[in-house]
Amino acid sequence: MDRKVSKAIFPVAGLGTRFLPATKSVPKEIMTLVDRPLIQYAIDEARAAGIEDFIFVTSRGKSALEDYFDLAPDLEAALEASGKTKLLEILRSTNMESGTIAYLRQHKALGLGHAVSCARKLIGDEPFAVILPDDVIAADKPCLQQMVEAYQETGGAMVATMEVSPAQTASYGVLDVAAQDGPIVRAKGMVEKPAAGTAPSNLAVIGRYILTPQVLANFDKIGRGAGGEIQLTDAIAEEISAGRDVFGYRFEGQRYDCGSKAGFLQATVAFALAREELRDEFAEFLAQMHATKQAAQ
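Read on for an overview of the structure. (Residues numbered from 1 in each chain as written. Predicted model: local features only at pLDDT ≥ 70, side-chain atom pairs only at ≥ 80, totals over all residues. Heavy atoms only, no water.)

1. Focus: a negative patch on the surface
Then, in step 1: A grouping of Glu276, Asp280, Glu281 and Glu284 is seen on the molecular surface, where their side chains present a negatively charged patch.
Then, in step 2: With respect to the secondary-structure elements, Glu276 resides in helix α11 (residues 276-296). (Patch = residues over 30% accessible without salt bridge, like charges linked within 9 Å, V, L, I, M, F, W, Y side chains within 5 Å. Areas by Shrake-Rupley, 256 points an atom, 1.4 Å probe, with all protein chains shown as cover. Salt bridge = Lys/Arg side-chain N within 4 Å of Asp/Glu carboxyl O. Lys, Arg positive; Asp, Glu negative; His and termini not counted. Charge placed at Lys NZ, Arg CZ, Asp CG, Glu CD. Helix = DSSP H or I, 4+ residues; strand = E, 2+ residues; numbered from the N terminus.)

Right under this line is the structure:
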């Protein structure tokens, strides 16, 4: 099989209920870290990894997400007329060429696996990536790029993985590890959200995947799993049961769970402090806040 990974699925059909009331009218993926929406971080990471075709699995109420990637000719003209060339460059970097994006509707909220399976006809017989925009990863080399480079050597299916505390394993898919070679872990099993104390390891799967078309075919074999949903983890675990290779990749970088309020705020602070034009003023504000809190105690 050709190991070139040029297609990526972005499951963005979720309701974002943890961010209500904001998500009543604004898709969670459009919410911004500093001045860029979550989806832009995911797109930029995909582009850096060589992705050329972007498949969005959406739901009702996500039209603002589609509009974000459209051209804004009036705004471009206004910026050009006023000589704001840097802003114009930033704006144009968000544009996507016609034909590179496809939008599919997930009509029922049946889980991540179901969302990914909705894109089956657009994947064909090629390996593909899955990116969850909720997982924002700050890294010198983007996470998916790291994985694509490793995938050229390993083939099979690959998931991004990181260590979590035993108390957190019940919130993740968890790898059962057969062997490890540097950042690459060979899996002999996967368990979705194991009950406390039953996890086979502390290596959790997070929102980056490189998968083969066979994983999509596995959805015909599996039923509903944890939470009564169709789980992507179960379809990947089926590969292991069939004797095919599944790897975990321990990426370099810091992952932020922007699907939670605390994680979103942590990412906002980290990305603001990473911006040269914001760092000093923002760091001074944080120091003042800390000093005020310490004085109050």
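2. Examining the pairing of strand β4 (residues 53-58)
Then, in step 1: Of all the 6 residues making up β4, 5 are buried; the element is thus mostly covered by neighbouring parts of the structure.
Then, in step 2: In the sheet, strand β1 (residues 7-11) pairs with β4 via 5 bridges, with the strands oriented parallel. Bridged to Pro11 within β4 is Val57.
Then, in step 3: Judged from the 5 bridges that link them, β4 and strand β5 (residues 101-105) form a sheet pairing that is parallel. Across the sheet, the residue bridging to Thr58 is Arg105, located in β5. (Buried < 20%, exposed > 50% of the residue type's maximum accessible area, 1.4 Å probe, protein only. Pairing = 2+ DSSP bridges.)

3. Quick notes on the pattern of salt bridges
Then, in step 1: Scanning the model with the defined rule gives 17 salt bridges in all.
Then, in step 2: The closest approach of N and O atoms between Glu239 and Arg244, which form a salt bridge, is 3.0 Å.
Then, in step 3: Judged by relative accessible area, Glu239 falls into the buried class, the value being 2%.
Then, in step 4: Note on Arg244: relative accessible area 33%, which makes it partly exposed.
Then, in step 5: Bridged by salt links that share partners, the residues Asp35, Arg275 and Glu277 form one connected network.

4. Topic: the packing of aromatic side chains
Then, in step 1: Tallied over the entire structure, the rule returns 9 aromatic pairs.
Then, in step 2: Judged by centre distance (6.0 Å) and plane angle (65 degrees), the ring pair of Tyr256 and Phe271 falls under edge-to-face. Within this pair, whereas Tyr256 is found in strand β13 (residues 254-257), its partner Phe271 is found in helix α10 (residues 261-273), the two being separated by 15 residues in sequence. Each member of the pair, Tyr256 as well as Phe271, is classed as buried.
Then, in step 3: Feature note: the residues Phe10, Phe54, Phe56, Tyr68, Phe69 and Tyr103 constitute an aromatic cluster, connected by ring pairs. (Phe/Tyr/Trp six-rings, centres within 6.5 Å; stacked < 30°, edge-to-face > 60°.)

5. Topic: the side chain of Glu192
Then, in step 1: For Glu192, the location among the structural elements is in strand β10 (residues 184-192).
Then, in step 2: No salt bridge is formed by the buried Glu192; the nearest opposite charge belongs to Lys193, separated by 4.5 Å.
Then, in step 3: Within the structure, Glu192 has its side chain in polar contact with the side chain of Thr233 (distance 2.5 Å). (Polar contact = N/O pair within 3.5 Å; in protein donor to acceptor, adjacent residues only side chain to side chain.)

6. As for the environment of Arg120
Then, in step 1: Along the polypeptide, Arg120 turns up in helix α6 (residues 120-123).
Then, in step 2: The partly exposed category is assigned to Arg120, whose relative accessible area is 31%.
Then, in step 3: Residues Arg120 and Pro213, 93 residues apart in the sequence, show an inter-C-alpha distance of 8.1 Å.
Then, in step 4: In this structure, Arg120 is in contact with Leu216, Phe219 and Asp220, ignoring residues within four places of it in sequence.
Then, in step 5: Within polar-contact distance, the side chain of Arg120 engages the backbone oxygen of Leu216 at 2.9 Å. (Contact = heavy atoms within 4.5 Å.)

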